[in-house]
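Spelled out from the first residue to the last, the chains are:
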Amino acid sequence: MGSLFRSEEMALCQLFLQSESAYTCVSELGELGLVQFRDLNPDVNAFQRKFVNEVRRCDEMERKLRYLEREIRKDGIPVLDTGENPEAPMPREMIDLEVKFEKLENELKEVNSNAEALKRNYLELTELKHILKKTQVFFDEREGSLESGGQTSLTQNLLPEDSKGPIQLGFVAGVILRERIPAFERMLWRACRGNVFLRQAEMDDPLEDPATGEQVYKSVFIIFFQGDQLKMRVKKICEGFRATMYPCPEAPADRREMAMGVKTRLDDLNTVLSQTQDHRHRVLVSAARNIRAWMMKVWKIKSIYHTLNMFNLDVIQNGLIAECWIPVANWEDVQLALRRGTEKSGSLPAILNRLSTLEAPPTFHRTNKFTKAFQNLIDSYGVATYREINPAPFTIITFPFLFAIMFGDVGHGIIMALFGGWMVWREKPLSAKKTDNEIWNIFFGGRYIILLMGLFSMYTGLIYNDVFSKSINLFGSSWHGAYNDSTIQQNKELTLDPADVKQYDQYPYPFGLDPMWQLSNNKINFYNSYKMKISIIFGIVHMLFGVILSVWNHKFFNKAMNIYCEFIPQIIFLTCLFVYLVLLVFHKWVWYGAGGDVSTSPSCAPSILITFINM
């Protein structure tokens, strides 16, 4: 079991690095992932450290990449993730990355601003087209009513009663959001005292807002009025409701000419917009191929400089001094990584010295893809002290089994086992699909736990004879002395009495629980008593096992006094109370039966609860 059974032995080391090779050495150690550095500048502000400018440059590059990623996701372009782990770029390559990201950001911002201006112009022309189309009905109605003397004009209410001949009315046309129409109409009526005439018509198709990209529904309106004073009021109300007003000629020929001009401009804008979108799409597609690798490179550069900020500066030797914790088993691996780092930079080799300290080292458990989930489960409750026994290996069995005791059902266990087995089988392709969905990441990280929980639940479900809360008849029933098929079919529930020799055959069921208990109306009393006692037995065994494990810790740390003053009293207390409780349970199960004589009848069985109260 090795390091899985007990945490790795760690060593505190001092590291001397030349300034030229510090970056490459830390990069190699980071790829190794076995070194924990200590902060030697705890009292220095983060903004006063040596490499703060490099960290800020990384933050700026990260911001630009996040902007690119948002635009890529907005267009629904899939981000290519090959799963490769690129090496950290050299410091001189940072300038190339910054120039590349700056160029991409500026190009994308310029394209976006041009596209937004084109979309705004397109929106205005589309609204003007709808105004010319919808208001034609209003003008035709007005002109028809003036030409035919027999009909009454819709704007007749604006004319005085004693007026003779037609009176020229002013009008304002525009577009407003559909949900603002009722309030807009009320405000016009109250502010103008009913001396304006409003006609409105809804647009059938939604329009795209160039600022937000959302689809909005709008309505075309035209307001007829008389006089400049009402004209000023109407325009102020339109501005207050954020309605867009457009010039609309009164002459039909002018309207037709304007509509043709608008149509021509819309066709040209469509062509320009499609070309702009194609150019934007090409830029984003080319960025989507490399954005994961770029992001990984920036993160590595930032991590390296963040680590270098923990080092002390040796002004005399022109170098950096660091302190770190290293697993003793990987001492040679760390030295090889430092050698590779110095060879890349072409400087003097790094010096690694082991220090003696009384400080408690960090706890490091080496895990793999199977044990990682169980180790995370243990660490969520608390990290073991350095070199203590690691409970994770035992949890691989105890956690799924204790879960199965509570969740014993063959049907539900099969579903869990199939789901966990599918995630294990599709492990590589699923792990390659990086996602930010926290729930899915939790499920996938615990795929082996889910698989084991499902398998153990199937086992305990067979013992409970429970398949989707129904029992199955595998070995017949021991309750056929007084029951036959007609009795079972005619009665939905039966009362089972194990003491009745006519009902019960007086021999135990081959495996699990008798399916006849599913039909009994006293099954809850039997199930609860049985499952409660089983849970108590396994819980006490679990507690006893945990206390026994502490002996190995006391021996390892040479604390013999703890064995006599801590372990032995715990065992005595646990045995005298809870182990005695388990023995009483087994004693009642074995000695006192349902069909025994008077001395071993259930009425003579001692009460465990009363026994403990008396104790």
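All values derive from a computational prediction rather than experimental measurement.

Quick notes on the overall build of the chain
Okay, so step 1: On a plain count of helices and strands, the chain comes out with 17 helices and 11 strands.
Okay, so step 2: The buried share among the 615 residues of the chain stands at 39%.
Okay, so step 3: Within the chain, contacts between residues separated by at least 24 positions form 79% of all contacts whose residues are at least 6 apart in sequence.
Okay, so step 4: Taken as a whole, the chain presents about 36,100 Å² of accessible surface, with 57% of it coming from carbon and sulfur.

Considering the sheet that holds strand β4 (residues 197-202)
Okay, so step 1: Strands sit in the order β4-β7-β3-β8 across an open sheet of 4 strands; the sheet is antiparallel. Either end of the sheet is taken by a strand with one partner, and the two such strands are β4 and β8 (244-246). Sheet twist, expressed as the mean angle between neighbouring strand axes with direction ignored, is 25 degrees.
Okay, so step 2: Contacts between helix α5 (residues 228-240) and the sheet are confined to β3 (170-177), β7 (218-225) and β8, with β7 contributing the most and set at about 165 degrees to the helix.

Examining a nonpolar patch on the surface
Okay, so step 1: On the surface, Tyr459, Leu462, Ile472, Leu474, Phe475 and Phe511 cluster together into a nonpolar patch covering about 570 Å² of accessible area.
Okay, so step 2: Structurally, Leu462 can be placed in helix α13 (residues 447-464).
Okay, so step 3: Assessed through its relative accessible area of 37%, Leu462 is described here as partly exposed.

Things to note about the packing of helix α9 (residues 392-406) against α13
Okay, so step 1: Two elements in contact, α9 and α13, have axes separated by 8 Å at closest approach and are oriented at 45 degrees. If you check the angle between α9 and α13, you find them oblique. As α9 runs across α13, the sense of the crossing is right-handed. Contacts from Ile396, Ile397, Phe399, Pro400, Phe401, Phe403, Ala404 and Ile405 of α9 reach α13 at Ile449, Leu452, Met453, Phe456, Ser457, Tyr459, Thr460 and Tyr464.
Okay, so step 2: Grouping the amino acids of the contact of α9 with α13 by side-chain chemistry returns 14 nonpolar, 2 polar and no charged.

Observations concerning the packing of aromatic side chains
Okay, so step 1: Scanning all chains against the criterion turns up 23 aromatic pairs.
Okay, so step 2: Plain terms: the ring middles of Phe401 and Phe538 are 5.1 Å apart, the flat faces sit at 75 degrees to each other, and that makes the pair edge-to-face. Placement of Phe401 in helix α9 and of Phe538 in helix α15 (residues 523-556) is noted, with a sequence separation of 137 residues between them.
Okay, so step 3: The class for Phe538 is partly exposed, based on a relative accessible area of 33%.
Okay, so step 4: Among the aromatic side chains, those forming a connected cluster through ring pairs are Phe419, Trp422, Trp440, Phe443 and Phe444.
Okay, so step 5: Across the ring face of Phe557, the terminal group of Lys559 is positioned such that the distance to the ring centre comes to 5.7 Å.

So, the pairing of β7
Okay, so step 1: Along β7, 8 of the 8 residues are buried, which leaves the element largely enclosed by surrounding structure.
Okay, so step 2: The side-chain alternation of β7 yields two buried faces, one formed by Lys218, Val220, Ile222 and Phe224 and the other by Ser219, Phe221, Ile223 and Phe225.
Okay, so step 3: Where β3 lies against β7, 8 bridges are found, and the strand directions are antiparallel. Opposite Leu177, over in β7, you have Lys218 as the bridge partner.
Okay, so step 4: Of the pairings in the sheet, the one linking β4 to β7 comprises 6 bridges and is antiparallel in character. What sits directly across from Ala201, in β7, is Val220.

Some remarks on the packing of helix α10 (residues 410-425) against α13
Okay, so step 1: Axis separation between α10 and α13 bottoms out at 7 Å; the angle between their running directions is 155 degrees. Taken together, the axis directions place α10 and α13 in an arrangement best described as roughly antiparallel. Here the hand of the crossing between α10 and α13 comes out left-handed. For the pair formed by α10 and α13, the contact residues are Val410, Gly413, Ile414, Met416, Ala417, Phe419, Gly420, Gly421, Met423 and Val424 on the first element and Arg447, Tyr448, Ile450, Leu451, Met453, Gly454, Leu455, Ser457, Met458, Gly461 and Leu462 on the second.
Okay, so step 2: In terms of residue class, the contact of α10 with α13 is made up of 14 nonpolar, 6 polar and 1 charged.

Observations concerning the pattern of salt bridges
Okay, so step 1: Inspection of every chain in the model, using the stated rule, returns 28 salt bridges.
Okay, so step 2: Among the salt bridges present, the one from Arg49 reaches Asp39, with a minimum N-O distance of 3.1 Å. A residue pair is termed long-range when its members are at least 10 positions apart, and Arg49 in the loop between β2 (36-37) and α2 (52-74) and Asp39 in the loop between β2 and α2 qualify at 10 residues.
Okay, so step 3: Its relative accessible area of 15% is what places Arg49 among the buried residues.
Okay, so step 4: Glu71 serves as the salt-bridge partner of Lys74, at 3.5 Å between the closest nitrogen and oxygen. Here Lys74 and its partner Glu71 are both found in helix α2, 3 residues apart, which amounts to about one turn of the helix.

Quick notes on the UniProt feature "transmembrane region" (unreviewed entry) in the chain
Okay, so step 1: The UniProt record annotates "transmembrane region" (unreviewed entry) at residues 401-425, 446-464, 534-552 and 564-586.
Okay, so step 2: In residues 401-425, helix accounts for 88% and strand for 0%; the two terminal C-alpha atoms are 22 Å from one another.
Okay, so step 3: The straight-line gap between the two end C-alpha atoms of residues 446-464 is 26 Å; of that span, 95% is helix and 0% is strand.

Here we look at the environment of Ser471
Okay, so step 1: Relative to the helices and strands, Ser471 resides in the loop between α13 and α14 (485-490).
Okay, so step 2: For the pair Ser471 and Trp517, spaced 46 residues apart in sequence, the C-alpha to C-alpha distance is 8.6 Å.
Okay, so step 3: Among residues more than four places away in sequence, those in contact with Ser471 are Asn465, Pro515, Gln518 and Tyr527.
Okay, so step 4: Here the side chain of Ser471 touches Asn465 through a polar contact of 3.1 Å, landing on its backbone oxygen.

Considering unusual backbone geometry
For residues besides glycine, phi is generally negative; the peptide bonds are generally trans as well.
Okay, so step 1: A positive phi is found at Arg242, a non-glycine position, where the angle reads about 55 degrees.
Okay, so step 2: Judged by relative accessible area, Arg242 falls into the exposed class, the value being 67%.
Okay, so step 3: Within the chain, Asn558 stands out as a residue other than glycine whose phi angle is a positive 55 degrees.
Okay, so step 4: Looking at the secondary structure, you find Asn558 in the loop between α15 and α16 (560-591).

Calculation rules
Residues numbered from 1 in each chain as written. Predicted model: local features only at pLDDT ≥ 70, side-chain atom pairs only at ≥ 80, totals over all residues. Heavy atoms only, no water. Helix = DSSP H or I, 4+ residues; strand = E, 2+ residues; numbered from the N terminus. Buried < 20%, exposed > 50% of the residue type's maximum accessible area, 1.4 Å probe, protein only. Contact = heavy atoms within 4.5 Å. Areas by Shrake-Rupley, 256 points an atom, 1.4 Å probe, with all protein chains shown as cover. Pairing = 2+ DSSP bridges. Axes fitted to C-alpha atoms, helices over the stretch in contact; angles between N-to-C directions. Patch = residues over 30% accessible without salt bridge, like charges linked within 9 Å, V, L, I, M, F, W, Y side chains within 5 Å. Salt bridge = Lys/Arg side-chain N within 4 Å of Asp/Glu carboxyl O. Parallel < 35°, antiparallel > 145°, perpendicular 65-115°, else oblique. Left-handed = near helix turned anticlockwise from the far one by under 90°. Nonpolar A, V, L, I, M, F, W, Y, C, P; charged D, E, K, R; others polar. Phe/Tyr/Trp six-rings, centres within 6.5 Å; stacked < 30°, edge-to-face > 60°. Lys NZ or Arg CZ within 6 Å of the ring centre and 35° of its normal. UniProt positions renumbered as here; feature names shortened; annotations may be inferred. Polar contact = N/O pair within 3.5 Å; in protein donor to acceptor, adjacent residues only side chain to side chain.

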